[in-house]
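What follows is each chain in one-letter form.
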Amino acid sequence: MDEERQREIASKGGHAAHEKGTAHEFTSEEAREAGRKGGEAVSQDREHMAEIGAKGGHASHGGRRSEGRSEESRGEESRSTSEDERERRSQSSSHRGGQGQGGGHRQR
């Protein structure tokens, strides 16, 4: 039996159950619980969640950075950004090193 025919038969059964009054209609609490269970099941698939996260990152950051710039200038910018980040990290770690055990707080 093809998919379309199967859907047609299932639809008739659903309509008949509603007319008869025996069809189950979810309460908002039942729907909430079903959604929670479905979300838990989907979130267990780490590969799927990583894929979703990557798509979100590309959607929110991917297009803005590259608008109106050549690939060559993006590469140069990326290198200088990396150099700036390394410089900030080294400055940050040198500042932390001289504070001793006080955790950065002055002792009075």
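Definitions and cut-offs
Residues numbered from 1 in each chain as written. Predicted model: local features only at pLDDT ≥ 70, side-chain atom pairs only at ≥ 80, totals over all residues. Heavy atoms only, no water. Helix = DSSP H or I, 4+ residues; strand = E, 2+ residues; numbered from the N terminus. Buried < 20%, exposed > 50% of the residue type's maximum accessible area, 1.4 Å probe, protein only. Areas by Shrake-Rupley, 256 points an atom, 1.4 Å probe, with all protein chains shown as cover. Patch = residues over 30% accessible without salt bridge, like charges linked within 9 Å, V, L, I, M, F, W, Y side chains within 5 Å. Salt bridge = Lys/Arg side-chain N within 4 Å of Asp/Glu carboxyl O. pLDDT = per-residue confidence, 0-100. Contact = heavy atoms within 4.5 Å.

Undergrad: How would you summarise the overall build of the chain if you had to cite specific residues and measurements?
TA: Across its full length, the chain carries four helices and zero strands. Expressed as a percentage of its 108 residues, the buried residues of the chain come to 0%. Of the accessible surface of the chain, which amounts to about 10000 Å², a share of 48% is contributed by carbon and sulfur atoms.

Undergrad: Outline a nonpolar patch on the surface, listing residues and values.
TA: Together, Val42, Met49 and Ile52 give the surface a local cluster of nonpolar side chains, amounting to about 220 Å² of exposed area. Tracing the backbone through its elements, the reader meets Val42 in helix H2 (residues 28-43). A residue is classified by how much of its surface remains accessible, and Val42, at 41% relative accessible area, is partly exposed.

Undergrad: Before we move on, can you summarise the confidence of the model for the chain with the specific residues and values?
TA: Low pLDDT means the predicted atomic positions in that stretch should not be read closely. Averaged over every residue, the pLDDT of the chain is 76; the share at 70 or more is 57%. When the criterion is pLDDT under 50, residues 98-105 qualifies, and its contacts beyond four places in sequence or with other chains add up to one contact.

Undergrad: Can you explain the pattern of salt bridges? Please cite residues and give values.
TA: Tallying each qualifying case throughout the model produces seven salt bridges. The partner of Glu3 in a salt bridge is Arg7, with the nearest N and O atoms 3.0 Å apart. Linking Glu3 with Arg7, this pair stays in helix H1 (residues 3-20), spanning four residues, or about one helical turn. Of the two residues examined, Glu3 and Arg7, each falls in the exposed class. In this structure, Arg36 engages Glu40 in a salt bridge whose closest nitrogen and oxygen atoms are separated by 2.5 Å. Of this pair, Arg36 and Glu40 both sit in helix H2, four residues apart, roughly one helical turn. The exposure class of Glu40 is partly exposed, given its relative accessible area of 42%.

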